[in-house]
Amino acid sequence: MSLEKIAVMGAGSLGTILGAYLAKAGKDVTLVDAYEEHVKALNEKGATVVGKANFHAPVKAVVPEKMEGAFDLFIYMTKQTYNQTAIPQMIAHCHKNTIICCCQNGIPEMAVAKFWPENQICGAPVGWGATFLGPGMSELTTVANAASFHLGSVDGKIYPWILEVKEILSCMCETTITSDLMSDRWTKLVINAAFSGMSTVTGGTFGAVMRDDVGIQCLAKIGNECYLVAKAAGYTLGSFTGLDFGKYCAFTDKAGQVECQNAFREKFVVHYDLLASMLQDLSKGRKCEIAEIDGVVAETGDKYGIDTPVTDMVIRVVTEIEEGKRTYCFDNLKEFLPVL
């Protein structure tokens, strides 16, 4: 198999940057996005990456309705809130051997598997952050040499095409192959549920949350809840972006919690500037992925009888922000004091 014709489905903050790196490396890549003004800017001016990396790359871009032909590889980066629309659009441009690589937050592979064979689906949890700045431009908010992908097939097999996907993703950053994708997904889910969740609650960067005494406690507590839920579901948390979540989130006392908090502050220095994509969505008046991120932790906890009070509070506060009943601010941290 040769994965020559590539589409990045969902060229938002992350997809714009990945597409720019692939185009810069000479790959035949098309960026697909529903935002017409963004697509127009990408075609006319190219993709501009700023922040922790600075470069410009000419790219091809289309709105989903203008896709033509079939692609060998879809790198799926559309928000899961748009799955019902985006997945059928993507499947319509697959041939019988097309590979789909899921890069969203949460556990997106199961949604795609309703439409496409599992043995042609892989996942690549994203170990870097970005902020969409406007049509044609995105900011890389993670230090470039700290960015990473963890790549694996749904069934854990190392297919020959996995090596091709690895080569493609490696055009941007270090890509590690895993034979236990779901455990890696749960490891990444700690970052999304804790760091992205609290960034959305407060309106602050990951670093701002970590510098706050209540914020850092919330991060550790959510990490611990994720650890307990994942363990109950049969998954083992591992290392991601240089931090061993299985080690630090398994605490059982206050001393262990403080050690976890210190590890977060030390190991996540390279991610201090990140703003949650959920927060970026809410700031633009869009629905966010709270149900697909923190909601997965809470629902799985309910299934296995694991209490998740801090995660539940994140869901409540973010849902109220989404409904216009409150705004994101650090005053929201007062809501968490009773469950810490």
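S.K.: Would you mind going over a negative patch on the surface with me for this structure?
M.R.: On the surface, a cluster of negative charge is made up of E299, D302, D307 and D312. Position of E299 relative to the elements: it lies in helix α12 (residues 294-304).

S.K.: Could you clarify how one ought to interpret the packing of helix α8 (residues 213-233) against helix α10 (residues 254-267) in this entry?
M.R.: Any two packed helices are characterised by the angle at which their axes cross and by the distance between the axes. Relative to each other, α8 and α10 sit at 105°, their axes nearing to 9 Å. Taken together, the axis directions place α8 and α10 in an arrangement best described as roughly perpendicular. Counted together, D213, I216, Q217, L219, A220 and K221 of α8 and K254, Q257, C260, Q261, F264 and R265 of α10 form the full contact between these two elements. Looking at the contact of α8 with α10 residue by residue, the classes come out as five nonpolar, three polar and four charged.

S.K.: Would you mind going over the sheet that holds strand β5 (residues 60-62) with me for this structure?
M.R.: Pairing between sheet strands relies on hydrogen bonds along the backbone, with the strands arranged either parallel or antiparallel. Taking strand neighbours across the sheet as the criterion, the eight strands line up as β5-β2-β1-β6-β7-β8-β11-β12 in an open arrangement whose pairing is mixed. Edge positions in the open sheet fall to β5 and β12 (174-177), since each of these has one partner strand only. Neighbour-to-neighbour, the strand axes of the sheet open up by a mean angle of 25°, direction not taken into account. Relative to strand β6 (residues 71-76), helix α3 (residues 83-91) is tilted by about 165°, and along the sheet it contacts β1 (5-9), β6 and β7 (94-102).

S.K.: What should I look at first to understand the sheet that holds strand β4 (residues 55-57) in this one?
M.R.: Sheet architecture is open: four strands sit in the order β4-β3-β10-β9, paired in mixed fashion. The open sheet has two edge strands, β4 and β9 (130-134), and neither has a second partner. Across the sheet, the axes of successive neighbouring strands diverge by a mean angle of 25°, strand direction being ignored. Sheet topology note: the strand β3 (residues 47-51)/strand β10 (residues 137-140) ladder contains four bridges and is parallel.

S.K.: Looking at this model, I keep getting lost on the packing of aromatic side chains. Mind explaining?
M.R.: Aromatic ring pairs are reported here in terms of the distance separating the ring centres and the angle at which the planes meet. If you walk through the whole model with that rule in mind, you get twelve aromatic pairs. Note on F195 and F206: the rings are 5.6 Å apart at their centroids and 40° apart in plane angle, and the pair reads as tilted. Of the two residues, F195 sits in helix α6 (residues 181-202) while F206 sits in helix α7 (residues 206-211), which places them eleven residues apart along the sequence. Taking the relative accessible area as the measure of exposure, F195 reaches 1% and is therefore buried. Geometrically, the ring pair formed by F245 and F264 is tilted, given 6.1 Å between the ring centres and 50° between the ring planes. Note that F245 is positioned in helix α9 (residues 245-248) and F264 in helix α10, a separation of 19 residues in sequence. Overall, F245 belongs to the buried group, its relative accessible area being 0%. Of the residues examined, F264 reaches a relative accessible area of 0% and is grouped as buried. A connected cluster of aromatic rings, assembled from ring pairs, spans F195, F206, F245, F264 and F268.

Each value, and the rule that gives it
Residues numbered from 1 in each chain as written. Predicted model: local features only at pLDDT ≥ 70, side-chain atom pairs only at ≥ 80, totals over all residues. Heavy atoms only, no water. Patch = residues over 30% accessible without salt bridge, like charges linked within 9 Å, V, L, I, M, F, W, Y side chains within 5 Å. Areas by Shrake-Rupley, 256 points an atom, 1.4 Å probe, with all protein chains shown as cover. Salt bridge = Lys/Arg side-chain N within 4 Å of Asp/Glu carboxyl O. Lys, Arg positive; Asp, Glu negative; His and termini not counted. Charge placed at Lys NZ, Arg CZ, Asp CG, Glu CD. Helix = DSSP H or I, 4+ residues; strand = E, 2+ residues; numbered from the N terminus. Axes fitted to C-alpha atoms, helices over the stretch in contact; angles between N-to-C directions. Parallel < 35°, antiparallel > 145°, perpendicular 65-115°, else oblique. Contact = heavy atoms within 4.5 Å. Nonpolar A, V, L, I, M, F, W, Y, C, P; charged D, E, K, R; others polar. Pairing = 2+ DSSP bridges. Phe/Tyr/Trp six-rings, centres within 6.5 Å; stacked < 30°, edge-to-face > 60°. Buried < 20%, exposed > 50% of the residue type's maximum accessible area, 1.4 Å probe, protein only.

Read these as spatial facts, not as claims about activity.
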